[in-house]
Amino acid sequence: MDFGNMVGESFAYAKDAVVGKWMQWLLLLVATILLSIPLLGYTLKVFRGEKPAPEVTDWVTLIVDGIKYLIVSIIWFIPCLIIAFFTIGAGIASYVMNPAAIIGIIGGMLFGFLILLVVAIITGLLATIGIVRFARTGSMGEAFNFGAILETIGKIGWVDYIIALIIIGVIIGVIEVILMVIPYVGMVLLFLITPVLVLWHARYICQIYDSAGAA
């Protein structure tokens with residue numbers, strides 16, 4: 001897997017979608033402001049492999065698709081929410097019943113959060129491919145087709161897949177951190193380039209998925 005080429009192609013895709021197309025950039029910013037729902041719907045269009053980047057049109061479809069995307073994401077992370085709820089709940093209940101056992105309670109909660117971290121990582125790996133499957137097939141059920149998801153990741157290669165996600169995560173994360181530490185102006189710039197970062201990430205994920213030869 002040519003990570004450098006994927007990063008470059010994805011950035012060029014995102015740049016070409018907005019640079020010189022200021023109205024499209026503005027519409028994507030509006031989509032970001034509207035609880036990001038339309039932007040999620042637009043992201044699904046990118047996941048479908050549309051190239052060059054699609055126009056921002058048909059807002060009703062974007063909103064509906066965005067809501068579906070959000071629902072799929074929430075369902076995927078229900079296990080994490082359950083673990084977090086029980087970890088925190090058990091910790092509070094234990095402290096109320098026996099405050100003197102605070103050290104053991106903290107240890108138990110840390111163990112619970114460790115399990116939460118592991119589950120979150122696994123869920124994130126599976127959900128990423130699941131959401132692209134949903135975009136490609138139009139079926140929300142396919143977002144949870146574990147057999148097909150595992151088969152796709154197997155074709156990509158687990159190591160390559162994880163490395164690819166780390167690379168784009170680090171790159172975008174560094175950009176966001178640099179901008180956030182710049183007083184006032186940084187947050188404005190971060191907002192303005194959010195559509196570029198979203199498109200960059202979405203196109204990159206699309207390339208990862210396509211490297212498996214999946215439809």
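Here the structure is a predicted model, which is why all the values come from computation and not from measurement.

Rules of the game
Residues numbered from 1 in each chain as written. Predicted model: local features only at pLDDT ≥ 70, side-chain atom pairs only at ≥ 80, totals over all residues. Heavy atoms only, no water. Helix = DSSP H or I, 4+ residues; strand = E, 2+ residues; numbered from the N terminus. Buried < 20%, exposed > 50% of the residue type's maximum accessible area, 1.4 Å probe, protein only. Contact = heavy atoms within 4.5 Å. 1 Å grid on protein atoms, 1.4 Å probe; cavity = no way out; pocket = protein on both sides within 12 Å on 5 of 7 lines; lining within 4 Å. Points joined across faces, edges and corners; volume = space filled by probe spheres on them. Nonpolar A, V, L, I, M, F, W, Y, C, P; charged D, E, K, R; others polar. Salt bridge = Lys/Arg side-chain N within 4 Å of Asp/Glu carboxyl O. Core = buried A, V, L, I, M, F, W, Y, C linked by side-chain atoms within 4.5 Å. Expected span 1.5 Å × (residues − 1).

**Considering the overall build of the protein chain**
Line of reasoning, step 1. For the protein chain, the count of helices and strands is nine helices and zero strands.
Line of reasoning, step 2. When the elements of the protein chain are put in sequence order from the N terminus, they spell out α-α-α-α-α-α-α-α-α.
Line of reasoning, step 3. Each of the three principal axes of the protein chain carries a C-alpha extent, and together these read 65 × 45 × 35 Å.
Line of reasoning, step 4. Within the protein chain, the proportion of its 215 residues that are buried is 39%.
Line of reasoning, step 5. Expressed as a percentage of contacts within the protein chain between residues at least 6 apart in sequence, the contacts between residues at least 24 apart total 74%.

**A few points about the layout of surface pockets**
Line of reasoning, step 1. The volume enclosed by the largest pocket comes to roughly 270 Å³.
Line of reasoning, step 2. As for the largest pocket, its lining consists of 15 residues, of which Leu40, Thr43, Tyr69, Val198 and His201 are closest to the centre.
Line of reasoning, step 3. Among the secondary structure elements, those contributing two or more residues to the lining of the largest pocket are helix H3 (37–47), helix H4 (59–76), helix H6 (102–137) and helix H9 (185–210).
Line of reasoning, step 4. With five residues, the top contributor of residues to the lining of the largest pocket is H9.
Line of reasoning, step 5. Of the residues that constitute the lining of the largest pocket, the class distribution is eight nonpolar, seven polar and no charged.
Line of reasoning, step 6. The computed volume of the second largest pocket comes to approximately 170 Å³.

**Regarding the pattern of salt bridges**
Line of reasoning, step 1. In the structure shown here, the tally under the stated rule is seven salt bridges.
Line of reasoning, step 2. The closest approach of N and O atoms between Glu9 and Lys51, which form a salt bridge, is 3.0 Å. With a gap of 42 residues between them, Glu9 in helix H1 (residues 3–18) and Lys51 in the loop between H3 and H4 connect regions that are remote in the sequence.
Line of reasoning, step 3. With a relative accessible area of 56%, Lys51 lands in the exposed category.
Line of reasoning, step 4. A salt bridge links Lys155 to Glu151; the shortest N-O distance between them is 3.5 Å. You can see Lys155 and its partner Glu151 sitting in helix H7 (residues 146–156), four residues apart, about one turn around the helix.
Line of reasoning, step 5. Residue classification places Glu151 among the partly exposed positions, given a relative accessible area of 46%.

**Let's talk about the nonpolar core**
Line of reasoning, step 1. Formed by 51 residues in total, the largest nonpolar core has its most connected members in Tyr42, Phe47, Tyr161, Leu199, Tyr204 and Ile208.
Line of reasoning, step 2. Secondary structure elements with two or more residues in this core: H1, helix H2 (22–33), H3, H4, H6, H7, helix H8 (158–180) and H9.
Line of reasoning, step 3. If sequence neighbours within four positions are ignored, Leu199 has contacts with Tyr13, Ala14, Ala17, Val18, Leu28, Tyr42 and Val46.

**Topic: the environment of Met97**
Line of reasoning, step 1. You can see Met97 is positioned in helix H5 (residues 78–97).
Line of reasoning, step 2. Using a relative accessible area of 69% as the deciding quantity, one classes Met97 as exposed.
Line of reasoning, step 3. In this structure, the C-alpha to C-alpha distance between Met97 and Lys68, residues 29 residues apart in sequence, is 42 Å.

**Observations regarding unusual backbone geometry**
Line of reasoning, step 1. Residue Pro52 follows Lys51 across a cis peptide bond; omega there is 0°.
Line of reasoning, step 2. Here Pro52 shows up in the loop between H3 and H4.
Line of reasoning, step 3. Despite not being glycine, Asp58 has its phi angle at roughly 55°, a positive value.
Line of reasoning, step 4. Take Asp58: it is sitting in the loop between H3 and H4.
Line of reasoning, step 5. For Asp58, a relative accessible area of 46% puts it in the partly exposed group.
Line of reasoning, step 6. Backbone geometry places Tyr184, a non-glycine residue, at a positive phi of 65°.
Line of reasoning, step 7. Residue placement: Tyr184 occurs in the loop between H8 and H9.

**Let's talk about H1**
Line of reasoning, step 1. With 16 residues, H1 should reach 22 Å at 1.5 Å per residue; the first-to-last C-alpha distance of 23 Å fits that figure.
Line of reasoning, step 2. Every buried residue of H1 is accounted for by Phe3, Met6, Val7, Glu9, Ser10, Tyr13, Ala14, Ala17 and Val18.
Line of reasoning, step 3. Close packing links the buried residues of H1 with H2, H3, H8 and H9.

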